Amino acid sequence: GDNNNVCIAGASLGGAAAIEYASSNPDVVKGAVFIDAQGFVDGVGPMSMLPKPVAQLGVKVLKSVPLRSSANTMSYYDTETYATDDALRVGRMHCLRE
């Protein structure tokens with residue numbers, strides 16, 4: 001709310017969420033840090049080779065709460081600290097855009 005510039009960070013699929021935010025707010029985001037980030041730009045990369053219905057089905061799968069929860073549980077050594085509801089929401093964020 002104070003119009004300061006920010007630097008954002010994203011790890012793994014959180015990198016895709018950070019990319020989405022940065023690309024939507026270039027006047028605010030002045031830097032970004034990505035750690036093993038995953039993300040796809042529409043029409044570029046492996047997803048561009050798939051028929052659109054197949055790509056959309058893949059995104060639908062990535063929105064799945066049980067799938068994300070299972071992935072979070074498998075990804076973190078300290079699941080109680082890191083496999084949280086917030087981690088689940090951030091992991092799904094880039095899939096929920098229209």
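Residues numbered from 1 in each chain as written. Predicted model: local features only at pLDDT ≥ 70, side-chain atom pairs only at ≥ 80, totals over all residues. Heavy atoms only, no water.

Quick look at the pairing of strand β2 (residues 29-35)
The following threshold applies: Whether two strands pair depends on DSSP finding at least two bridges between them. Only DSSP runs of H or I with at least four residues qualify as helices, and only runs of E with at least two residues qualify as strands; both kinds are numbered from the N terminus onward. Looking down the strands as they point away from you, a crossover is right-handed if its path from the first strand over the helix to the second goes clockwise.
Sheet topology places strand β1 (residues 6-11) next to β2; 6 bridges connect them, and they run parallel. Bridge pairing in β2 links Cys 7 to Gly 31. Between β1 and its parallel partner β2, the chain crosses via helix α1 (residues 13-24), and the hand of that crossover is right-handed.

Here we look at the packing of aromatic side chains
The geometry of two aromatic rings is summed up by the distance between their centres and the angle between their planes. We apply this condition: Side-chain rings of Phe, Tyr and Trp, where Trp is taken by its six-membered ring, are said to pair if the distance between their centres is within 6.5 Å; with planes under 30 degrees apart they count as stacked, over 60 as edge-to-face, and otherwise as tilted.
Evaluated as defined, the whole model comprises 1 aromatic pair. On the basis of an interplanar angle of 35° and a centroid distance of 5.9 Å, the ring pair of Tyr 76 and Tyr 82 is categorised as tilted.

Some points on the pattern of salt bridges
Put simply, the rule reads: Between Lys or Arg on one side and Asp or Glu on the other, a salt bridge is scored when a side-chain nitrogen of the former is within 4 Å of a carboxyl oxygen of the latter. In this scheme, a residue with accessible area under 20% of its type's maximum is buried, one over 50% is exposed, and one in between is partly exposed, where area comes from a 1.4 Å probe on protein chains only.
Taken as a whole, this structure holds 1 salt bridge when the rule is applied. Arg 89 is the salt-bridge partner of Asp 86, the closest N and O atoms lying 2.5 Å from each other. Placement of the pair is Asp 86 and Arg 89 together in helix α5 (residues 85-93), with a separation of 3 residues, close to one helical turn. The exposure class of Arg 89 is partly exposed, given its relative accessible area of 49%.

Everything listed is a geometric property; what it means functionally is a separate question.
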